[in-house]
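If you want the building blocks of each chain, they are given just below.
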Amino acid sequence: MKLSEVGKPIGGYFELEINKNSEYHKNSIRLNTGRNCLEYILRARKYKRVFVPYYTCEVIFESFKRSNTEFEFYNINEYLEPIKINPKKNEAVLYTNYFGIKSLCVKKLSRIYDNLIIDNSQAFFDRPLNGVDTFYSPRKFFGVPDGGYLYTDKIIDMKLLTDISYSRILHLAKRIDISPESGYNDFKTSENSLDKLPIKYMSLLTRRMLSGVDYEMIKNIRYSNFIYLHNELGELNQLNISIGKFTPMSYPLLITKNLHEKLIKNRIFVPIYWPNLLKSSSKTKFESKLANNLHALPIDQRYNKSDLDKIIFFIRKYA
Ligand SMILES: Cc1ncc(COP(=O)(O)O)c(C=O)c1O
C-alpha cells in the first residue's frame, strides 16, 4: 500500500516553519523553472520561428533546442525596446520586461503583435495581459531555489511529475547562518542543477515558500528604493528610464565604466546581465555595452535607505 493511501500523517517531528498565506500568481500553471515555462509555450504553440532579443539570458536557448523551435535575433534601443521586427503569420516575438520597468512597452507590443511571449522573469509583480503567454521566475525576487509561473490558454497534453527541491536550498540557509560568500559555491551548484531539468510542476517546498511571502510590503519597498536611487543617480544614468507604475527587480544604471569588481570588494554584489554578451560583435554593439557597463543595483526588500546610501557613495566615488 502507498503511504498516501493511509491518509494524512499526524504527529511526529515538525517541518520547516514557513507561513502558509497565499501565492501571488494563484491562477497560473506552476512549473519548476522560467525556462521550462518557455519550453511549455513553444511546445504548445509550435511556432515556426520566434524573434528573440540578443540581450537575454543564455539559458532560454535550451528551451528552443528542446522544443525544436527556430529563432532569429533582434536588437533593442536605448529605451530597451525592440528595433525592427517583422514576424510572419506563424511566427512570434519574445520580449523581456527588462528590470521590471517595461510594463508600458509590453502593453504597446501586445497591440502590435498577434503572437507575443512575455518574459516577466524580471517583472514578478506585473500581471499578465489577457491572451498573452507570459512567464515568471520567482527566484529573481525572493529567496527560493527554483520555480516558474506560466499563463497560457494553450494546454499541452503531457503528464508532468512534481519537482523536488530540498537539495537546492543550502545556499539560502548558509546566507542566513554564515555569509553570502560562504554560500556562493552552493548557489552555483544549485543554479547549475537547473540546467537540464525536464518540465515538471513546481516543488511543494518552493510553493510553500512562495506562500509565505509578504508581497504588498515587498512591492512598496522595491518601488520606493528604486525611486530613491533614481533621484540620486539618475543624472549619471545613460539609460532612458521613464518612471511608471511598476515594481522593479533592480535599478539599471548604465555608465561609461565597469565598476563590478570595485563594488564586490566593498561587498556590493551586482550581477552581470548577461555574460554571453560581454564580447562585442558588429551586431551587438549596444547589447555588449549593456553587458559591460550596466549595473543592476539591488533595491530589494532587504535594504533600507542607509544601505542604498552605501551603494550611492561607492558609485559616485568610482564612476
Ligand atoms: C530574462 C530571463 N529570462 C528567463 C530566465 C530563465 O529563468 P529560470 O532560471 O527560472 O529558468 C532568466 C534567468 O535565468 C532570465 O534572466
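Residues numbered from 1 in each chain as written. Predicted model: local features only at pLDDT ≥ 70, side-chain atom pairs only at ≥ 80, totals over all residues. Heavy atoms only, no water.

Caption draft 1: Quick look at the sheet that holds strand β5 (residues 116-119). With mixed pairing, the seven strands of this open sheet are ordered in space as β1-β7-β6-β5-β4-β2-β3. With partners counted over all chains shown, the strands left at the sheet margins are β1 (29-31) and β3 (70-74), one partner each. Pairwise comparison of adjacent strand axes, ignoring direction, gives a mean angle of 20° for this sheet. Summarising the sheet, strand β6 (residues 133-136) and strand β7 (residues 148-151) pair through three bridges and their orientation is antiparallel. When the bridges of β7 are listed, Y136 appears paired with Y149. (Pairing = 2+ DSSP bridges. Helix = DSSP H or I, 4+ residues; strand = E, 2+ residues; numbered from the N terminus. Axes fitted to C-alpha atoms, helices over the stretch in contact; angles between N-to-C directions.)

Caption draft 2: Up close: the pattern of salt bridges. Taken as a whole, this structure holds 19 salt bridges when the rule is applied. Among the salt bridges present, the one from R302 reaches D300, with a minimum N-O distance of 2.7 Å. One network of salt bridges, in which partners are shared, links E23, R30 and R207. (Salt bridge = Lys/Arg side-chain N within 4 Å of Asp/Glu carboxyl O.)

Caption draft 3: Inspection of the side chain of E91 at higher detail. Within the secondary structure, E91 sits in strand β4 (residues 91-96). The exposure class of E91 is buried, given its relative accessible area of 8%. Of note is the side chain of E91, whose polar atom sits 2.9 Å from the side chain of R49. Those residues in contact with E91, other than ones at most four positions away along the chain, are Y47, R49, F51, N86 and N115. (Buried < 20%, exposed > 50% of the residue type's maximum accessible area, 1.4 Å probe, protein only. Polar contact = N/O pair within 3.5 Å; in protein donor to acceptor, adjacent residues only side chain to side chain. Contact = heavy atoms within 4.5 Å.)

This is a description of form; function is not addressed.
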